[in-house]
Amino acid sequence: MSPTQYLMLELGLLMACPVITICALSTTPSSNRDWETWKTIHGKKYNSKKTEALRKGIWLQNLKKIKEHNEQQNSTFMMVMNSFGDLTRKEFAELFHIDERKAVPVNNQTREPMKARHFYRIPVSVDWRTAGYVTPPKNQGQCNSCWAFSATGVLEGQLFKKTGKLITLSEQNLIDCSRSHGAFGCNGGWSLNAFEYVYENGGIEAESTYAYTAKEGKSCKYNTSESVVSVSSYKTLPYGDEEALTRAVAEIGPIAVVIDAGLESWQFYSSGVYYDPRCRTNTFNHAVLVVGYGIQSGMKYYIVKNSWGQHWGQSGYILMARGRNNNCGIAGFPIYALV
């Protein structure tokens, strides 16, 4: 977050301070040491003592919530204080543009009908990272471009499947050039918009030739001669069908999905299988990539690649509950493309 944004947040919090309980929190020598250590680890610096006091109050509140969660006996996952610890839930949502979206009509918008489901047995676990299909987790920054990252993840996997070459594709290409296909650049979109664009455009560039800037370009700079891969077809899966999603991951490769990532527990997830009964199945605010699935201590999960950098979660990944009534809507609108 830029110094200007922090200053704006400081002013807003100062105005609200009389009704915010964090402003009156006391600290102990231990919490002071932890705070200083956390600042050092994450390179945190503040413009003024007032700003730091406000940020520390938020940090203490978040630390309390994390400890309370981790002490719960029935929780399937753990939380940890990370680099987002000095942000309120609202600020965090604004930072990553986690806006709420209801169902979007993608099920009938497909370039090729789904084939009849096969009934042969699929593997107990799949991890496409170990097979070379998946590039390292990236960081979308302050651009609401998660849809582009989930789309390139699918295409990177399919390109590797076809050629044996793992090439990092350009999200910026999608952000700058797919508005005519329904996307809104850094103001959001859906993986479907990205696949439609690449299909109609006839290709997409690599990150190396069309670099990510975390902001919208003034014009589309796509160069046909730099195209790396094109889309031959794209398909959606049945709404809310986790069996279909699991089978597609096993048979096709990484699959783009949309989820509800609006809970505080997502902000500080660190390990374990993420299951939160408060997570909604009909509200979607974030796009991610399912790169595999498995079972841990009797709990089924999906391996999900996020786009918030490698310092979040399990080095940029999260294990999300599988077979628990479509928790967080993970099987709401799965979609993939073929190349």
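Residues numbered from 1 in each chain as written. Predicted model: local features only at pLDDT ≥ 70, side-chain atom pairs only at ≥ 80, totals over all residues. Heavy atoms only, no water.

**Student:** Talk me through the overall build of the chain; I want residue IDs and the actual numbers.
**Tutor:** In terms of helices and strands, the chain carries nine helices and 11 strands. For the chain, buried positions account for 53% of its 339 residues. Contacts spanning at least 24 positions in sequence make up 76% of the contacts within the chain whose residues lie at least 6 apart. Of the roughly 15500 Å² of accessible surface on the chain, a fraction of 53% belongs to carbon and sulfur atoms. (Helix = DSSP H or I, 4+ residues; strand = E, 2+ residues; numbered from the N terminus. Buried < 20%, exposed > 50% of the residue type's maximum accessible area, 1.4 Å probe, protein only. Contact = heavy atoms within 4.5 Å. Areas by Shrake-Rupley, 256 points an atom, 1.4 Å probe, with all protein chains shown as cover.)

**Student:** How would you sum up the side chain of Arg55? Please name residues and give values.
**Tutor:** Turning to its location among the elements, Arg55 is positioned in helix α3 (residues 49-70). Of the polar contacts made by the side chain of Arg55, one reaches the backbone oxygen of Asp86; its length is 2.6 Å. (Polar contact = N/O pair within 3.5 Å; in protein donor to acceptor, adjacent residues only side chain to side chain.)

**Student:** How would you summarise the pattern of salt bridges if you had to cite specific residues and measurements?
**Tutor:** Under the criterion given, the structure shown has 12 salt bridges. Residues Glu91 and Arg55 are paired through a salt bridge, measuring 2.8 Å at the closest nitrogen-oxygen approach. Taken together, the residues span a long stretch of sequence, with Glu91 in helix α4 (residues 89-95) and Arg55 in helix α3 at a distance of 36 residues. Across the pair, Arg55 and Glu91 agree in class, each one buried. Glu216 is the partner of Arg179 in a salt bridge, and the nearest nitrogen-oxygen pair spans 2.8 Å. Of this pair, Arg179 sits in the loop between α6 (171-177) and α7 (191-201) while Glu216 sits in the loop between β3 (204-205) and β4 (227-229); the two residues are 37 residues apart in sequence, bridging distant segments of the chain. Taken together, the shared-partner salt bridges connect Glu36, Lys39 and Glu52 into one network. (Salt bridge = Lys/Arg side-chain N within 4 Å of Asp/Glu carboxyl O.)

**Student:** Account for unusual backbone geometry, naming residues and giving values.
**Tutor:** Positioned with a positive phi, Ala214 is a non-glycine residue whose angle comes to about 65°. If you trace the backbone, Ala214 turns up in the loop between β3 and β4.

**Student:** Could you give me a rundown of the state of the cysteines, with the residues and numbers involved?
**Tutor:** This model, assessed by the stated rule, comprises three disulfides. Sulfur-sulfur distance for the disulfide between Cys177 and Cys220 comes to 2.0 Å. What sets the handedness of the Cys177 and Cys220 disulfide is the S-S torsion sign, and at about 95° it is right-handed. Placement of Cys177 in helix α6 and of Cys220 in the loop between β3 and β4 is noted, with a sequence separation of 43 residues between them. (Disulfide = S-S within 2.5 Å.)

**Student:** Report on the pairing of strand β7 (residues 269-274), specifying residues and quantitative values.
**Tutor:** Within β7, five of the six residues are buried, which leaves it mostly tucked inside the rest of the structure. The pairing of β7 with strand β10 (residues 317-321) spans two bridges and is classified as parallel. The residue of β10 that forms the bridge with Val273 is Leu319. (Pairing = 2+ DSSP bridges.)

**Student:** Any details on the packing of helix α5 (residues 146-163) against α7? Residues and values, ideally.
**Tutor:** Across the interface, α5 lies against α7 with an axial gap of 8 Å and an inter-helix angle of 55°. Regarding the angle of α5 to α7, the classification is oblique. Crossing of α5 against α7: the hand is right-handed. From α5, Trp147, Ser150, Ala151, Val154 and Leu155 reach across to α7, where they touch Ser191, Ala194, Phe195 and Val198. Of the residues belonging to the contact of α5 with α7, the class tally is seven nonpolar, two polar and no charged. (Axes fitted to C-alpha atoms, helices over the stretch in contact; angles between N-to-C directions. Parallel < 35°, antiparallel > 145°, perpendicular 65-115°, else oblique. Left-handed = near helix turned anticlockwise from the far one by under 90°. Nonpolar A, V, L, I, M, F, W, Y, C, P; charged D, E, K, R; others polar.)

**Student:** Can you break down α7 residue by residue, with the values?
**Tutor:** Of all 11 residues that make up α7, eight are buried, and the element is covered over most of its length. Of all the positions in α7, only Ser191, Leu192, Asn193, Ala194, Phe195, Glu196, Tyr197 and Val198 are classed as buried. Looking one or two residues past α7, Gly202 carries a phi angle of roughly 90°, positive in sign.

**Student:** Hey, could you go over the environment of Gly85 for me, with residue numbers and the actual values?
**Tutor:** Within the secondary structure layout, Gly85 lies in the loop between β1 (77-79) and α4. For Gly85, a relative accessible area of 0% gives the class buried. Note: C-alpha distance between Gly85 and Gln61 (24 residues apart in sequence) is 9.1 Å. Not counting chain neighbours up to four residues away, the residues in contact with Gly85 comprise Trp38, Ile58, Trp59, Asn62 and Phe268.

**Student:** Before we move on, can you summarise the environment of Phe84 with the specific residues and values?
**Tutor:** Relative to the helices and strands, Phe84 resides in the loop between β1 and α4. Of the residues examined, Phe84 reaches a relative accessible area of 11% and is grouped as buried. As a C-alpha pair, Phe84 and Leu95 span 11 residues in sequence and 9.9 Å in three-dimensional space. Look past the residues within four positions of Phe84 in its chain and what remains in contact with it is Asn62, Phe92, Leu95, Phe96, Gln267, Phe268 and Trp312.

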